Amino acid sequence: MSGPGAAAAAPPLAILCGAGGFPLEVAVEARRAGREPFLVGVVGATDSAIEAYPHVWVRMGEVGKLFAALHARAIAEMVIVGAMTRPEFADLRLDWGAVKRAAGLAQLFRRGDNGLLVGLSAIIEREGIRVVGAHDVAPRLVAPLGPFGARAPSADDETDIALGARLIDALSSFDAGQGAVVAAGRVLAIEAAEGTDAMLARVAEMRANGRLRFAGQAGVLVKAPKRGQDLRLDMPAIGPRTIEGAAKAQLRGAAVAAGRVLIVDRDRLAREADAAGLFVAGFASAAAAR
């Protein structure tokens, strides 16, 4: 239907996809909202399942190819979502579009992860493409307040959650860490460049070799964004793999900052947490009020 009374079609949306299934969940939510997603896959990082949607594949450094694909489709908004290994600048295979921006790109790679992402988003926005958050496009994926499974944290768990949240906040000035594992008031692990899954595997190994001695389940995974983190670019997320790792580490549960962490495949996550005897809950973070 056309004419002055017809509703305008929702503008298309680009999704720059990292690893895992989360970009596909955002694509589903975008279509649910009436927007046609165009997925950008990164060679060597992105799951080939994105090919179920209109898409383009780029190598890290093919900045010109990326912008040409977006401009050809009159795309004015982009979401950046999914885990991605940070490359070294010297390892990038720069195309001409990147070479024209090489001086600026090289400077960005001297920054921490958050600074790098903020700088890259500024380059994208100078091309007339607004970077928006996955939580803006897919608000149903944002963690709610309180438990979203059959179990809830105990009073002792709540104390450990509060300690983990304070720890992540205190580390924010170092641009490191979106997660920690805390048990009985003791910090067992802090997430850095290795990511959440590897941190949980480290805790599981320490329990297996006797470095950590607890009777039964003990400890809480706490996930929250760093203070001042641009949530459009790097909003923390957990999914079923997180629960699998927490179960192997024999934790009691996982706590995430409500409204500030994304949940991948929430129904499956809740089922697997229940089956493993773990709680998963959203907590109110002080940073959310700032």
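Details of the structure are given in the entry above.
Treat the numbers as computed from the prediction; the structure is a model and nothing was measured.

Description of the overall build of the chain
Then, number 1: When helices and strands are counted, the chain shows ten helices and 13 strands.
Then, number 2: Across the 290 residues in the chain, those meeting the buried criterion constitute 48%.
Then, number 3: Across the chain, the fraction of contacts at a sequence separation of at least 24, relative to all contacts at a separation of at least 6, is 72%.
Then, number 4: About 13800 Å² of surface is accessible on the chain, with carbon and sulfur atoms providing 54% of the total.

A few points about helix α1 (residues 22–32)
Quick reminder: α-helices carry 3.6 residues per turn. Residues three or four places apart thus point the same way.
Then, number 1: Along α1, the positions that sit buried rather than exposed are Phe 22, Pro 23, Leu 24, Val 26, Ala 27, Glu 29 and Ala 30.
Then, number 2: Turning to α1, the residues buried within the fold contact β1 (13–17), β2 (37–42), β4 (77–81), α6 (134–137) and β12 (262–263).
Then, number 3: Just downstream of α1, Gly 34 is the residue with a positive phi angle, here 90 degrees.

Observations concerning the nonpolar core
Then, number 1: Membership of the largest hydrophobic core comes to 36 residues, with the highest contact counts inside it found for Val 181, Val 203 and Leu 251.
Then, number 2: Among the elements that line this core, the one with the most residues is helix α8 (residues 195–208), at five residues.
Then, number 3: If we ignore the near neighbours within four places in the chain, the residues touching Leu 251 are Val 181, Leu 200, Val 203, Gln 217, Ala 218, Gly 219, Val 220, Leu 221, Ala 246 and Leu 278.
Then, number 4: If you look at the next biggest cluster of nonpolar residues, it comprises 23 residues, including Leu 13, Cys 17, Ala 30 and Val 137.

As for the packing of aromatic side chains
Given two aromatic rings, their pairing is described by the distance between the two centres and the angle made by the two planes.
Then, number 1: If you walk through the whole model with that rule in mind, you get zero aromatic pairs.
Then, number 2: Taking the ring centre of Phe 148 as reference, the NZ or CZ of Arg 266 above it sits at 5.8 Å.

Cut-offs and rules
- Residues numbered from 1 in each chain as written.
- Predicted model: local features only at pLDDT ≥ 70, side-chain atom pairs only at ≥ 80, totals over all residues.
- Heavy atoms only, no water.
- Helix = DSSP H or I, 4+ residues; strand = E, 2+ residues; numbered from the N terminus.
- Buried < 20%, exposed > 50% of the residue type's maximum accessible area, 1.4 Å probe, protein only.
- Contact = heavy atoms within 4.5 Å.
- Areas by Shrake-Rupley, 256 points an atom, 1.4 Å probe, with all protein chains shown as cover.
- Core = buried A, V, L, I, M, F, W, Y, C linked by side-chain atoms within 4.5 Å.
- Phe/Tyr/Trp six-rings, centres within 6.5 Å; stacked < 30°, edge-to-face > 60°.
- Lys NZ or Arg CZ within 6 Å of the ring centre and 35° of its normal.

As far as function goes, none of this settles anything; it's purely spatial.
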